[in-house]
Amino acid sequence: MRRIYFLLFTVMFLLSFISLAYSSEVNIDGLTIEECIALALRNHPSLKTAKSSTRDFEAQIETVRAANRVKVNLTGSLTHSGAYERFDESDNSTSLRLEATKTLYDTGRNRLKREIAEENIKGSLESERQAEIKVAANAKRAYYDLVLKFLNRDVAQEKLRHSEEQLKNAQGMYEVGTSPYIDITKAQADVSSARVSLIKAENDILVSQEALRVAMGTDINGPFNIALSTKLLLPEPADDVNVLIARALQDRPDYIKLQHDHRGAELAIIDAARTNSPTITGSAGTSLSNSEKNKATETYNFAVSMTVPLEDGGAMKASIESKRAALEKNEASIETLRQSLTYDIRKAVLELTNAIDLVRSSEDSVKYAEESLELERGRYEVGVGNSLAVSDAVSKLATARYTYYQALHDAQKARADLDEALGHFPPEVN
């Protein structure tokens with residue numbers, strides 16, 4: 001009985017430990033951007049595809065290496081032979097043959113194939129890194145899109161609060177006869193409009209949560225929260241654009257991959273040109289045979305053979321032409337990517353600079369809109385203002401806050417775009 005209690009206690013302890021470990025790994029009540037990116041890099045399915053490609057190339061290079069290794073074959077046979085008319089005089093014989101073969105000389109073709117495969121592996125590793133950078137950038141963009149939706153909801157809540165306060169003021173001033181009933185009607189319409197905006201803002205949050213869930217590649221069930229901090233939204237300005245372009249040509253994984261592809265294409269042309277080169281193969285073997293009519297015999301053999309292709313019907317020429325076309329295609333891809341990344345970097349730098357400038361200017365707009373609302377509300381409460389001016393001030397304050405938060409979002413998105421264009425992980429990656 002004690003043994004059963006002990007087993008039950010052990011199982012409960014292990015389950016509690018596993019549950020605690022999992023809850024500490026994913027805290028859905030307040031995911032930070034670092035946690036979101038880490039989850040994406042650990043779970044996103046697109047990364048599995050990139051890793052599978054690398055394993056495929058690793059298997060290919062092992063296949064190439066195996067082509068020049070010693071191969072050993074063991075062959076056995078059992079033969080029953082005899083004439084139809086004298087079947088009782090038939091003979092049973094057995095044989096066993098062991099043979100080893102190895103390519104001794106192939107004009108370096110196996111070495112070339114290994115070098116091509118190695119270039120493919122290096123390129124695949126760069127593709128894998130490129131996929132990780134893209135996943136991290138997408139997670140960052142999705143995170144800050146959700147941040148924007150939360151901030152927009154806060155603005156909608158604030159607008160609703162201001163509209164409800166104005167409705168109370170209008171009702172109070174109408175009761176004492178200092179304001180017409182139309183002010184109440186206008187305030188009620190503003191409250192209804194603010195509630196509609198809040199409903200939309202809440203729905204936008206749910207949509208952005210789903211987008212972030214997909215970007216992370218996770219199966220978190222139900223709505224979840226993120227650690228919200230507007231102070232983290234404004235990134236640092238970008239460096240000189242020409243310096244960034246030069247850095248991208250050294251760091252960007254897909255550009256580096258094309259360099260490996262180019263080297264592999266050059267080697268493939270050399271390999272194709274050696275298609276009709278001679279091949280020397282060595283072999284050694286031993287055989288043992290036995291029959292009912294003859295004694296057992298054991299033989300050995302050693303041989304060196306050379307194969308020289310004399311005519312291939314133009315296959316080598318066609319292969320060389322195909323490899324040259326692949327090389328030219330690769331060179332065009334390199335130039336296309338160079339132009340594309342130059343554009344991406346210049347565009348991201350301009351967008352980042354513009355967004356930062358807009359953040360700084362919209363901060364003043366928010367401050368002025370707050371002061372204007374206080375002034376118009378004060379004028380209305382003392383009877384020298386009107387309800388329309390208060391409603392307009394409430395709308396302008398909400399617009400100013402929307403513009404401010406949108407600029408913060410755009411700045412962070414431009415920073416993520418720039419990091420991706422440079423071939424860098426976001427700075428939030430540990």
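Residues numbered from 1 in each chain as written. Predicted model: local features only at pLDDT ≥ 70, side-chain atom pairs only at ≥ 80, totals over all residues. Heavy atoms only, no water.

Asker: Talk me through the overall build of the protein; I want residue IDs and the actual numbers.
Answerer: In terms of regular secondary structure, the protein is built from 9 helices and 4 strands. Scanning the protein from its N terminus toward the C terminus, one meets helices and strands in the order α-α-α-β-β-α-α-α-α-β-β-α-α. Per-residue burial over the protein gives 36% buried out of 430 residues. Across the protein, every contact between residues at least 6 apart in sequence was considered, and the portion connecting residues at least 24 apart equals 82%. As presented, the protein carries roughly 25,300 Å² of accessible surface, and 56% of it is formed by carbon and sulfur atoms. (Helix = DSSP H or I, 4+ residues; strand = E, 2+ residues; numbered from the N terminus. Buried < 20%, exposed > 50% of the residue type's maximum accessible area, 1.4 Å probe, protein only. Contact = heavy atoms within 4.5 Å. Areas by Shrake-Rupley, 256 points an atom, 1.4 Å probe, with all protein chains shown as cover.)

Asker: Tell me about the environment of Asp 183, and name the residues and values.
Answerer: Take Asp 183: it is sitting in helix α5 (residues 181-216). As for Asp 183 and Ser 387, which are separated by 204 residues in sequence, their C-alpha atoms are 5.7 Å apart. Asp 183 has contacts with Ala 170, Tyr 380 and Ser 387, leaving out every residue within four places of it along the chain.

Asker: Pulling in residues and values, what's your account of the packing of helix α4 (residues 109-175) against helix α8 (residues 315-381)?
Answerer: Where α4 meets α8, the axes come as close as 11 Å, and the angle between the chain directions of the two elements is 15°. With respect to α8, the axis of α4 lies roughly parallel. Both α4 and α8 take part in a crossing whose hand is left-handed. The segment α4 lies against α8, with His 162, Glu 165, Gln 166, Asn 169, Ala 170 and Met 173 engaging Leu 373, Arg 377, Tyr 380 and Glu 381. The residue inventory of the contact of α4 with α8, partitioned by class, reads 4 nonpolar, 3 polar and 3 charged. (Axes fitted to C-alpha atoms, helices over the stretch in contact; angles between N-to-C directions. Parallel < 35°, antiparallel > 145°, perpendicular 65-115°, else oblique. Left-handed = near helix turned anticlockwise from the far one by under 90°. Nonpolar A, V, L, I, M, F, W, Y, C, P; charged D, E, K, R; others polar.)

Asker: Provide a residue-level description of the side chain of Lys 149, including the pertinent values.
Answerer: In this structure, Lys 149 sits in helix α4. Polar side-chain contacts of Lys 149 include one of 3.0 Å to the side chain of Asp 145. Residues contacting Lys 149, with those up to four places away along its chain left out, are Asp 204, Ile 205 and Ser 208. (Polar contact = N/O pair within 3.5 Å; in protein donor to acceptor, adjacent residues only side chain to side chain.)

Asker: Got a sec to walk through the environment of Leu 212? Specific residues and values, please.
Answerer: With respect to the helices and strands, the residue Leu 212 is situated in helix α5. Overall, Leu 212 belongs to the buried group, its relative accessible area being 0%. Each C-alpha atom, one on Leu 212 and one on Asn 138, is 8.6 Å from the other, the two residues being 74 residues apart in sequence.

Asker: Break down α4 for me, citing the residues and quoting the values.
Answerer: Between the first and last C-alpha of α4 there are 98 Å, a value that for 67 residues agrees with the 99 Å anticipated at 1.5 Å per step. Positive phi appears at Gly 177, one or two residues downstream of α4, with a value of about 80°. (Expected span 1.5 Å × (residues − 1).)

Asker: So, the confidence of the model for the protein: which residues are in play, and what are the values?
Answerer: Mean pLDDT over the protein: 85, with 87% of residues reaching 70 or higher. Across the protein, helix α7 (residues 253-273) holds the top mean pLDDT of 94, while helix α1 (residues 2-25) sits lowest at 40. (pLDDT = per-residue confidence, 0-100.)

Asker: Would you mind going over the pattern of salt bridges in detail, with residue names and values included?
Answerer: Considering all chains together, one arrives at 32 salt bridges under this definition. One salt bridge connects Glu 128 with Lys 51, and the closest N-O pair in it is separated by 2.9 Å. A residue pair is termed long-range when its members are at least 10 positions apart, and Glu 128 in helix α4 and Lys 51 in helix α3 (residues 45-67) qualify at 77 residues. Note that Glu 428 is salt-bridged to Lys 140, the shortest N-O span being 3.4 Å. Residue Glu 428 is found in the segment after α9 (387-422), and its partner Lys 140 is found in helix α4; the two are separated by 288 residues along the sequence. Across the pair, exposure class does not vary: Glu 428 and Lys 140 are buried alike. Each of the salt bridges in this network shares a partner with another, and the network as a whole consists of Arg 141, Lys 413, Asp 417 and Glu 420. (Salt bridge = Lys/Arg side-chain N within 4 Å of Asp/Glu carboxyl O.)

Asker: Outline α3, supporting the account with residue identities and numerical values.
Answerer: Between its terminal C-alpha atoms α3 stretches 34 Å, which fits the 33 Å expected from 23 residues at 1.5 Å a residue. For α3, the complete set of buried residues consists of Leu 47, Ala 50, Thr 54, Ile 61 and Val 64.

Asker: Any details on unusual backbone geometry? Residues and values, ideally.
Answerer: A positive phi angle is found at Thr 107, which is not glycine, with a value near 55°. Within the fold, Thr 107 resides in the loop between β2 (91-105) and α4. Classification of Thr 107 by relative accessible area gives buried; the value is 14%.

Asker: Go over the nonpolar core, please, and point to the residues and values.
Answerer: Tyr 143, Leu 212, Ile 226 and Tyr 405 are the most contacted members of the largest nonpolar core, which has 50 residues in total. Within the residue set of this core, elements represented by two or more residues are α2 (33-43), α4, α5, α8 and α9. The element best represented in this core is α4, accounting for 17 residues. Every residue in contact with Ile 226, bar those within four places of it in the chain, is listed here: Gly 30, Leu 31, Tyr 143, Leu 146, Val 147, Phe 150 and Leu 212. Among the nonpolar cores identified, the runner-up in size contains 20 residues, and Val 241, Leu 244, Leu 258 and Ala 414 belong to it. (Core = buried A, V, L, I, M, F, W, Y, C linked by side-chain atoms within 4.5 Å.)

Asker: So what about the side chain of Asp 419? Which residues, and what values?
Answerer: Here Asp 419 shows up in helix α9. Apart from the residues within four sequence positions on either side, Asp 419 is in contact with Lys 140, His 424, Phe 425, Pro 426 and Pro 427.

Asker: Please set out a nonpolar patch on the surface residue by residue, giving values where relevant.
Answerer: Nonpolar side chains collect at one region of the surface, where Val 70, Val 72, Leu 74, Leu 96, Leu 98 and Leu 288 lie side by side and expose about 560 Å² of accessible area between them. Those elements that place two or more of their residues in the nonpolar patch are β1 (71-81) and β2. Position of Leu 288 relative to the elements: it lies in strand β3 (residues 279-291). (Patch = residues over 30% accessible without salt bridge, like charges linked within 9 Å, V, L, I, M, F, W, Y side chains within 5 Å.)

Asker: Quick one: what's the story with the packing of α2 against α4, residue by residue and with numbers?
Answerer: Between α2 and α4, whose axes approach to 9 Å, the crossing angle comes to 140°. Taken together, α2 and α4 sit at an angle that is classed as oblique. The interaxial crossing formed by α2 with α4 has right-handed handedness. Counting all contacts with α2, which are made through Ile 33, Cys 36, Ile 37, Ala 40 and Leu 41, the residues of α4 involved are Glu 132, Val 135, Ala 136, Ala 139, Lys 140, Tyr 143 and Tyr 144. Of the residues in the contact of α2 with α4, the class split is 10 nonpolar, no polar and 2 charged.

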